[in-house]
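Architecture at a glance
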Amino acid sequence: MKKKCLECGTEIIGRVDKKYCSDGCRNAYHNKFNSDSKNLIRNINNRLRRNYKILDGYTLKDGKTRTTKTSLLDKNFDFDYFTNLYTTKKGTTYYFVYNLGYLPLDNDYYMIVKRE
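The structure displayed is predicted, hence computed values, not measured ones.

Quick look at the overall build of the protein now. When you go through the protein residue by residue, the secondary structure sums to 2 helices and 5 strands. Secondary structure elements in the protein, listed N-terminal to C-terminal, are α-β-α-β-β-β-β. Computed over its C-alpha atoms, the radius of gyration of the protein comes to 24 Å, more than 25% above the 13 Å expected for a compact globule of 116 residues. Going through the 116 residues of the protein one by one, you find that 22% of them count as buried. Once local pairs closer than 6 in sequence are excluded, the contacts in the protein between residues at least 24 apart make up 36%.

This is the structure:
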């Protein structure tokens, strides 16, 4: 029984366990198969990267600084995307994008911190 390439359907010559006729067909098959999830992941990673660059753009003194919500929004910061939360013993919640975090303060101010 002759095997056919999963991507293009041509007859496969070679090893018994071979599924594709060439590297091009193998790559095309997997790219097509994973395209939806890759787009979602790529978009999320781009938003996280942009948020990180925005937070990293602030000059920190003693590992922290303050800014306003308006300043962050003007730079297209997206408050819906962060990598983890850190809650202190007092119940204060910091939102982190990798090692840079922000803490909502009163009057739409935010403290930006860096975790070493």
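The next thing to look at is the environment of I41. Take I41: it is sitting in helix α1 (residues 23-56). On the basis of relative accessible area, I41 is assigned to the partly exposed category, the value being 49%.

On to the sheet that holds strand β4 (residues 100-104), then. Across the sheet, 5 strands lie side by side as β1-β5-β4-β3-β2; this open sheet has antiparallel pairing. Lying at the two open borders of the sheet, with one neighbouring strand each, are β1 (64-68) and β2 (84-87). When the angles between neighbouring strand axes are averaged without regard to direction, this sheet yields 30 degrees. Summarising the sheet, β1 and strand β5 (residues 109-114) pair through 5 bridges and their orientation is antiparallel. Considered in β5, the bridge of T67 is made with Y110.

In this section: unusual backbone geometry. Positive phi, close to 55 degrees, is recorded for N107, a residue that is not glycine. As for its placement among the helices and strands, N107 is situated in the loop between β4 and β5. At D108, a position not held by glycine, the phi torsion is positive, near 60 degrees. One can find D108 in the loop between β4 and β5.

Taken as a whole and judged by the stated rule, the model has 4 salt bridges. Across the pair E7 and K32 runs a salt bridge, and its minimum N-O distance is 3.3 Å. Remark: K32 occurs in helix α1 and E7 occurs in the segment before α1; sequence separation between them is 25 residues. Residue class for K32 comes out exposed when judged on its relative accessible area of 54%. Between D17 and R15 there is a salt bridge whose closest N-O contact spans 3.0 Å. Here D17 falls in the partly exposed class, since its relative accessible area comes to 48%.

Overall, the coordinates contain 11 aromatic pairs when judged by the stated rule. Between the aromatic rings of F77 and Y102, the centroid separation amounts to 5.3 Å while the plane-to-plane angle is 85 degrees, which identifies the pairing as edge-to-face. Separated by 25 residues along the polypeptide, F77 in the loop between α2 (69-74) and β2 and Y102 in strand β4 bring together distant segments of the chain. As far as burial versus exposure is concerned, F77 and Y102 are alike and both buried. On the numbers, 6.4 Å between centres and 35 degrees between planes, the contact of Y94 with F96 is tilted. Taken as a pair, Y94 and F96 share a single burial class, namely buried. By way of ring pairs, the aromatic residues F77, F79, F82, Y95, Y102 and Y110 are connected into one cluster. The ring of Y109 carries the charged tip of R66 above its face, separated from the ring centre by 4.5 Å. Of note, K69 hangs over the ring of F79, and the distance from its end group to the ring centre comes to 5.7 Å.

Rules and cut-offs
Per chain, residues are indexed from 1 in the order of the written sequence. Totals for whole chains, interfaces and linings use all residues, but because this is a predicted model, local features are given only for residues with pLDDT of at least 70 and pairs of side-chain atoms are given and counted only at 80 or more. Hydrogens and water are ignored here; the side-chain numbers use all heavy atoms of the structure. Secondary structure elements follow DSSP: runs of H or I of four or more residues count as helices, runs of E of two or more count as strands, with numbering from the N terminus. Atoms considered for the radius of gyration are the C-alpha atoms alone. The globule rule reads 2.2 Å times the number of residues to the power 0.38. Burial here depends on accessible area, computed with a 1.4 Å probe over protein chains only, as a share of the maximum for the residue type. Under 20% is buried, over 50% is exposed, and the range in between is partly exposed. Only heavy atoms matter for contacts: two residues are in contact if any of them lie within 4.5 Å across the pair. In this description, strands pair whenever DSSP reports at least two bridges between them. Between the N-to-C directions of two axes lies an angle of 0 to 180 degrees, each axis being a line fitted to C-alpha atoms and, for a helix, fitted only over the stretch in contact. In what follows, salt bridge is the name for a side-chain nitrogen of Lys or Arg lying within 4 Å of a carboxyl oxygen of Asp or Glu. Any two of the Phe, Tyr and Trp rings considered here, Trp counted by its six-membered ring, make a pair once their centres fall within 6.5 Å; the pair's planes then place it as stacked at under 30 degrees, edge-to-face at over 60, or tilted in between. Distance and angle both matter: a charge sits over a ring if NZ of Lys or CZ of Arg is within 6 Å of the ring centre and within 35 degrees of the ring normal.

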